[in-house]
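Overview (structure and organization)
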Amino acid sequence: MGSNGSRVNPAFITAFNNLKTAKMNYNAIKATGNKEQARVAELHFHQAENYFCDQEGILSGGNMTESQAKAAVDSMMSQVHSWYA
């Protein structure tokens, strides 16, 4: 982390947003009962999972305090955990 502060790595935020969108799409398509579309949406969700899990360096130099950046990550991770509960 840089000495000027912290931030959440933009690549992590992008991976999180992609995972969130893929999960929402999967849930919406699954609710329609279309099994083939749901299978494809589930595949896209798992691809987004892989991308999300491969992210390194969640915090980096920026203009937040380290605790603010960690709180932002904790909030995102709480959402992710809720998708697997």
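The text that follows walks through the structure, step by step, so that each part is easy to find. A quick note: this is a predicted structure, and the numbers were derived from the prediction, not measured. (Residues numbered from 1 in each chain as written. Predicted model: local features only at pLDDT ≥ 70, side-chain atom pairs only at ≥ 80, totals over all residues. Heavy atoms only, no water.)

1. Some thoughts on the packing of aromatic side chains
The condition that has to hold: For this analysis, a ring pair means two rings from Phe, Tyr or Trp (six-membered ring only for Trp) whose centres lie within 6.5 Å, classed as stacked if their planes differ by under 30 degrees, edge-to-face if by over 60, and tilted for the remaining angles. Helix and strand definitions follow DSSP, with helices as H or I runs of at least four residues and strands as E runs of at least two, each counted in order from the N terminus. Classification of residues uses two cut-offs on accessible area relative to the type maximum, computed with a 1.4 Å probe and protein chains only: under 20% is buried, over 50% is exposed, and between them is partly exposed. Two limits define a charge over a ring: the Lys NZ or Arg CZ must be within 6 Å of the ring centre, and within 35 degrees of the ring normal.
The final tally for this structure, using the stated rule, is 3 aromatic pairs. With 5.3 Å between their ring centres and 40° between their planes, Phe12 and Phe52 make a pair best called tilted. Within this pair, whereas Phe12 is found in helix 1 (residues 10–32), its partner Phe52 is found in helix 2 (residues 35–53), the two being separated by 40 residues in sequence. Just as Phe12 is buried, Phe52 falls in that class too. Their ring planes at 15° and their centres at 6.1 Å tell us that Phe16 and Trp83 sit as a pair that is stacked. With a gap of 67 residues between them, Phe16 in helix 1 and Trp83 in helix 3 (residues 66–83) connect regions that are remote in the sequence. The exposure classification of Phe16 matches that of Trp83, with both residues buried. One cation-aromatic arrangement involves Lys23 over Phe45; the distance from NZ or CZ to the ring centre is 5.2 Å.

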